[in-house]
Amino acid sequence: MRRERLSVLGNEKVGPYTLLRVGRGGIDPGVPGQFFMLEAPGRLLPRPMSLCLAPPGELAFLIDAIGPGTRALCALEREQELYVLGPLGNGFRLDVERPLLVGGGIGIAPLPYLSESLGGPPAVLGFRSDWHAAAGELVPNAQVCVEPTLVTALIPGGMDVLACGPEPMLEAVRGLAPDAQLAWEAPMACGYGACYGCAVEIDGRVKRLCVEGPVLRAA
Amino acid sequence: MLLNASGCLDALIAPEVARSFDAFVTKTVTPLPRDGNTPVRIAETDVGMLNSIGLANPGIDRFVTRNLPQLEKLGVPVWVSVGGFETDDYAEICLRLDDHAGVDSIELNVSCPNVDAPVETVTQIVAASRLATRKPLWAKLSPAVPDIAEVARAAQAAGVDGLSLVNTIRGLKLDGTTLRPVLGPGHGGLSGPALKPIALAAVASCYQATAMPIVGMGGVQTGLDALELIAAGARHVALGTVLFADPDAPARVRAELHAAVAERGWNSYDDAYAVAHEEELSVRTTS
């Protein structure tokens, strides 16, 4: 892991979300599904964000402004700077034969980079509204649905599922695809195993998502 | 000496961060393994953060057989934080650690805000621990008492070698929409900048009351924060919450501390020790 002060290159709206693009500096983009701790200006703690896109010389993060930290990140403008720590945690395993990407809401954030790494496999994405569904454009080869249709209705059998989304979606996905790789989410203070804050109980076992995840096998 | 605050660093996961301190302090070890509290466990507040980890740890057996041999290879002195729910818990762990050369010091956590408080007093816990080990003993105290100096004097009388000041203070954060607690267990321990004036007051009071060596901690973000704790009467300083945002903080705080000392014309931070208690201003001025 490496911590570096990076410059903001741009800040683009994608539906209700913001795609924050920063210069890569000496930071390794890591494996899809790994995450970075982004300094949130004016806040005490950084915020964990998975990498959305990794064009040459850049790191791009898809952010939903839901609180003071994410709002501060979405308000960053070109040439402002922020500290970035990463890459952190365990990403998706890419040695799958029939990949299917499954995403829900802001959980589609790591899928564009994952799709690129896997050569553009099929994807199914679910959103709560047409406005939110604008983010579906970031994922190639995607079938998009909007509530009340749930993304789990679009998952065919026999696929190697790689999923990221809200917890109820992940629970439903692992019911359908017991071998799925699931990217979970939890509030984190540090991202590197120091605070024990991101512990989640999965199948009766407590796991620190930042060091054992965020991508875990469903079964 | 610069240390980490207990519970704010895992040396087995981030050994390079642990090595950037003068000593590494473990998460609190209890007799039996503990998974810790129900998530959600952390929440940011406007001037700090709340945590309710709940003393997650492998228990003394696995700590001694699995963790300690790895910690001994770190290359920095290891302080073990010890916790429990009754006096015998503390004494038992101190006894288990006493023969381990790799344990430099023991910090008695008699103040975790996230578990039910030990039923016996600090005096009893310290006295029983003192009988169980020859290692240097430090008592980590809560500032959430009417008179922390009184607790410090009791710990001193019972045989501690120093004080760790301060632990977090119990706080509550409600979700702005649901008006329910954000943290799984409800309340948590408040740390970060909000704690700094409380830590300064505790260090100053306990310095005056006991003249014991003190590890000062609470809201240290910069070298100047560290210098203020030293001026209040701390011999050593520990970093906690700042590590979560910045694992490079030890080197930065150390450099800032040296610069702040040099700016005042001092040779080392020892020159700043307890100056807050001197009547006359000892800082050089240009006017």
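Residues numbered from 1 in each chain as written. Chains lettered and ligands numbered in written order. Predicted model: local features only at pLDDT ≥ 70, side-chain atom pairs only at ≥ 80, totals over all residues.

Chemist: Is there a simple way to think about the overall build of chain A in this case?
Modeler: Assigned secondary structure in chain A consists of 4 helices and 14 strands. Computed over its C-alpha atoms, the radius of gyration of chain A comes to 16 Å, within 12% of the 17 Å expected for a compact globule of 219 residues. A principal-axis box enclosing the C-alpha atoms of chain A has dimensions of 45 × 35 × 30 Å. Split into buried and exposed, the 219 residues of chain A put 53% on the buried side. Partitioning the intrachain contacts of chain A with sequence separation of at least 6 by distance along the chain shows that 60% fall at a separation of at least 24. (Helix = DSSP H or I, 4+ residues; strand = E, 2+ residues; numbered from the N terminus. Rg over C-alpha atoms; globule rule 2.2 N^0.38 Å. Buried ≥ 20, exposed ≤ 12 C-beta atoms within 10 Å, placed from the backbone. Contact = placed C-beta atoms within 7 Å.)

Chemist: Could you clarify how one ought to interpret the interface of chain A and chain B in this entry?
Modeler: It is common to give the size of an interface as the accessible area that goes away when the parts come together. At the interface, 20 residues of chain A touch 24 residues of chain B. With 3 residues, the single largest contributor to the side of chain A that touches chain B is strand S12 (residues 199–202) of chain A. Residues that form the side of chain A that touches chain B fall into these classes: 15 nonpolar, 2 polar and 3 charged. (Nonpolar A, V, L, I, M, F, W, Y, C, P; charged D, E, K, R; others polar.)

Chemist: What am I meant to see in the sheet that holds strand S7 (residues 99–104) of chain A here?
Modeler: Sheets are built from strands that pair by backbone hydrogen bonding, the pairs being arranged parallel or antiparallel. All names here are of chain A. What the 6 strands build is an open sheet, ordered S9-S8-S7-S10-S11-S14; its pairing is mixed. Of all the strands in the sheet, just strand S9 (142–146) and strand S14 (215–217) have a single pairing partner and so form its edges. Taken pair by pair, the neighbouring strands of this sheet meet at an average axis angle of 20°, ignoring direction. When strand S8 (residues 123–127) meets S9, the two strands line up parallel, connected through 5 bridges. Counted as the bridge partner of Ala 123 is Ala 142 from S9. (Pairing = 2+ DSSP bridges. Axes fitted to C-alpha atoms, helices over the stretch in contact; angles between N-to-C directions.)

Chemist: Would you mind going over the pairing of strand S10 (residues 187–191) of chain B with me for this structure?
Modeler: All names here are of chain B. With respect to burial, S10 is a largely interior element, 4 of its 5 residues being buried. Strand direction decides the pairing type here: strand S4 (residues 48–51) and S10, joined by 3 bridges, are antiparallel. What sits directly across from Met 49, in S10, is Ser 191. Two strands pair when backbone bridges link them, and strand S9 (residues 169–172) and S10 are joined in this way by 4 bridges, in the antiparallel orientation.

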